[in-house]
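Listed below are the residues making up each chain.
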Amino acid sequence: MTTQVLTLRIDGREVSGLAAETILHVARENDISIPTLCALEGLSTPGSCRLCMVQINGSDKLHAACVTPIQEGMVVTTQSDKILQYRRAIIELLFSERNHVCAVCVANGHCELQDLAREFGVDHVEMAYRFPALTVDASHSRFVLDHNRCVLCTRCVRVCAEIEGAHTWDIKHRGIHSLIVADLDTSWGASETCTGCGKCVHVCPTGALCEKGTSVAELHKKRPFLPYLLANRTVDRR
Ligand code: FES
């Protein structure tokens, strides 16, 4: 069976991709940058962070590039005033929702949320901070979970289930009350399913999950991100 090759335009450039490939995939294949937070190569895509929103065929409606398949003749815009405003608002919301204090964060200088804020010129937050009283779970012998820094991208949940096959992590509650939990809400140290592989720590875009005594910078230097993940796949996803 041959896979159909489709031609489309992204930001005025003619590009092509295979049917069923997403706009994000084709854009990246062609060095066209679209910001993301929840999407990560090698994992399923929830389309939840909404940072990758683009406009299609001149419509005002926004679509998540990470879950929208390409179509023949599609015209995609990845940069416009509306998109920029939308992305800035998402970044501000993330900062205002929890307690992201970069100056004292283990991921300072190596944080994807911080990088996005820099890229989109978010140097202050106009929305009211929530300052939620969230806990830090340091019960694991090697790792720490700080809910204050979590952006609920669910990369940890997915890497644990889809690559390590342990299914330790999940999300409890909804909306702003959502929290990641180990083993249906026990402390991480008491988890019976956690293998201690550290993959969840590795894919965390902020300092929410970290290794005791190791900065995020050191961690990424020790084990380059994606090659490490794919080489350490436990679950065979077809
Ligand atoms: Fe598309 Fe998160 S990267 S919604």
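Preceding this section is the structure that the text describes.
A quick note: this is a predicted structure, and the numbers were derived from the prediction, not measured.

**Looking at the packing of aromatic side chains**
Thought 1: In the structure shown here, the tally under the stated rule is 3 aromatic pairs.
Thought 2: Taking 4.7 Å as the distance between ring centres and 70 degrees as the angle between the ring planes, the aromatic pair formed by W169 and W188 counts as edge-to-face. With W169 in strand β8 (residues 169-172) and W188 in the loop between β9 (179-182) and α5 (199-203), this pair connects stretches of sequence that are 19 residues apart. When sorted by exposure, W169 lands in the same class as W188, which is buried.

**Details of the sheet that holds strand β4 (residues 62-64)**
Thought 1: Judged by pairing direction, the sheet is mixed, and its 5 strands sit side by side in the order β2-β1-β5-β3-β4 without closing on themselves. A single partner strand is all that each edge strand has here, and the edge strands are β2 (13-18) and β4. In this sheet, neighbouring strand axes are inclined to one another by 40 degrees on average, regardless of whether the strands run parallel or antiparallel.
Thought 2: One ladder, built from 3 bridges, connects strand β3 (residues 53-56) with β4; its direction is antiparallel. For M53, the partnering residue across the bridge sits in β4 and is A64.

**Focus on helix α3 (residues 112-119)**
Thought 1: Those residues of α3 that fall on the buried side of the exposure criterion are L113, Q114, L116 and A117. Within α3, the buried residues cover an arc of 160 degrees as seen down the axis, which keeps them to one side. Away from its buried face, by an angle of more than 90 degrees, α3 presents the exposed residues R118 and E119.
Thought 2: Close packing links the buried residues of α3 with α2 (81-97).
Thought 3: Two residues or fewer after α3 comes G121, characterised by a positive phi angle close to 65 degrees.

**Focus: the sheet that holds strand β7 (residues 143-146)**
Thought 1: The strand order across the open sheet built from 3 strands is β6-β7-β10, with neighbouring strands paired in antiparallel fashion. Two strands close off the open sheet at either side, each with one partner strand: β6 (136-137) and β10 (209-211).

Thresholds, definitions, all that
- Residues numbered from 1 in each chain as written.
- Predicted model: local features only at pLDDT ≥ 70, side-chain atom pairs only at ≥ 80, totals over all residues.
- Heavy atoms only, no water.
- Phe/Tyr/Trp six-rings, centres within 6.5 Å; stacked < 30°, edge-to-face > 60°.
- Helix = DSSP H or I, 4+ residues; strand = E, 2+ residues; numbered from the N terminus.
- Buried < 20%, exposed > 50% of the residue type's maximum accessible area, 1.4 Å probe, protein only.
- Pairing = 2+ DSSP bridges.
- Axes fitted to C-alpha atoms, helices over the stretch in contact; angles between N-to-C directions.
- Arc of directions from axis to C-beta.
- Contact = heavy atoms within 4.5 Å.

Read these as geometric descriptors, not functional statements.
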